[in-house]
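# Summary of the model geometry
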Amino acid sequence: MNKLYFGRYLPKDSVTHDFHSLLKFCVGMSLILLVGVSNNIYFLLIDIFLLLVISKISKIHILILLKSIRPFVFLLLFTFFFQLFFTSAGDFRLSFNNLQFSIIYTLRFFIIILISSLLTVTTPPYDFVKIIYFLLRPLKYFKVNIKDIAVSSIIALRFIPLLFEESEKIRIAQKIRGEEKSFLKNLISLDDFLIPLFYRIFYYSEQLSITLMYDRNWENILKVSKPSKKDVLLFLFIESLIFICAFYV
């Protein structure tokens, strides 16, 4: 149960974990935008190196972090081969330019997933709910019920790790009984895997939703804390570097 899945928070005592969640989220979005407009392979490789350095600072082992990218391997391979064999006009042609574009687009997706993974690993899920609630607050003037959106976000953020955790529990139970099956066999096994899995997920989701239905002072509960001066200065420094890099991509 110590495996790291995409969307699961891994508590550590590090600078990245202690950094203000809202500012960290803004830095992550700025990096994603910067990567999205970059067409330089060398710059993208430098980004990967810097992200690996950040993971080291965050005390997150590189191999553990890369495991969270496993669910997106098919997407990365599909992106690479699609850009490799098809031109922007939709013609089937293999060329050096296609190879260059396929590497760039695949690296973009890889870095964006890596940034997102670092954010989820170093930020508690509850802080993400606070960020969502904070960003949606202007919609209150348009009579949008942002409280329900925030509560739904709590359930959604908890659902992804819960799916993997319950799957692991069922697999361990099968192993203890001497009935362990491969991943593909479990996917087509209704009685032994799928039905117990969905039963547990629906049960925990229902319990969580019932708990969240009780009236609370959501304004105070989901209020984003004020960042410290140290966090603000670090945020301005990082954003300045990102702004400077934007002129060279």
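For the structure, check the block above.
Residues numbered from 1 in each chain as written. Predicted model: local features only at pLDDT ≥ 70, side-chain atom pairs only at ≥ 80, totals over all residues. Heavy atoms only, no water.

## Some remarks on the overall build of the chain
- Counting secondary structure elements, the chain contains 12 helices and 0 strands.
- What you see in the chain, going N to C, is helices and strands ordered as α-α-α-α-α-α-α-α-α-α-α-α.
- When burial is assessed residue by residue, the chain has 35% of its 249 residues classed as buried.
- Here the contacts in the chain between residues at least 6 apart in sequence split such that 74% fall between residues at least 24 apart.
- Carbon and sulfur atoms provide 69% of the accessible area of the chain, an area that totals close to 16,100 Å². (Helix = DSSP H or I, 4+ residues; strand = E, 2+ residues; numbered from the N terminus. Buried < 20%, exposed > 50% of the residue type's maximum accessible area, 1.4 Å probe, protein only. Contact = heavy atoms within 4.5 Å. Areas by Shrake-Rupley, 256 points an atom, 1.4 Å probe, with all protein chains shown as cover.)

## Considering the nonpolar core
- Among the nonpolar cores identified, the biggest contains 22 residues, and L44, L51, L65, I111 and I115 are the most heavily contacted of them.
- Taken together, the elements giving at least two residues each to this core come down to α2 (21–36), α3 (41–57), α6 (96–122) and α7 (125–136).
- No other element matches the 9 residues that α6 contributes to this core. (Core = buried A, V, L, I, M, F, W, Y, C linked by side-chain atoms within 4.5 Å.)

## Remarks on the packing of α2 against α6
- The geometry of α2 relative to α6 is characterised by a closest axis approach of 9 Å and an angle of 175° between their N-to-C directions. Classified by the interaxial angle, the pair formed by α2 and α6 is roughly antiparallel. Packed against α2, whose contacting residues are K24, F25, G28, M29, L31, I32, V35 and G36, the element α6 presents R108, I111, I112, I115, S116, L119 and T122 at the interface. (Axes fitted to C-alpha atoms, helices over the stretch in contact; angles between N-to-C directions. Parallel < 35°, antiparallel > 145°, perpendicular 65-115°, else oblique.)

## Considering the packing of helix α5 (residues 73–85) against α6
- At a minimum axis separation of 7 Å, α5 and α6 run at an interaxial angle of 160°. With respect to each other, α5 and α6 are oriented roughly antiparallel. For the pair α5 and α6, the sense of crossing is right-handed. Together, L76, T79, F80, Q83, L84 and F85 of α5 and N98, L99, F101, S102, I103, Y105, T106, F109, F110 and I113 of α6 make up the contact between the two elements. (Left-handed = near helix turned anticlockwise from the far one by under 90°.)

## Examining the environment of R137
- Following the sequence through the fold, R137 ends up in the loop between α7 and α8 (146–176).
- For the pair R137 and K147, spaced 10 residues apart in sequence, the C-alpha to C-alpha distance is 9.4 Å.

Read these as spatial facts, not as claims about activity.
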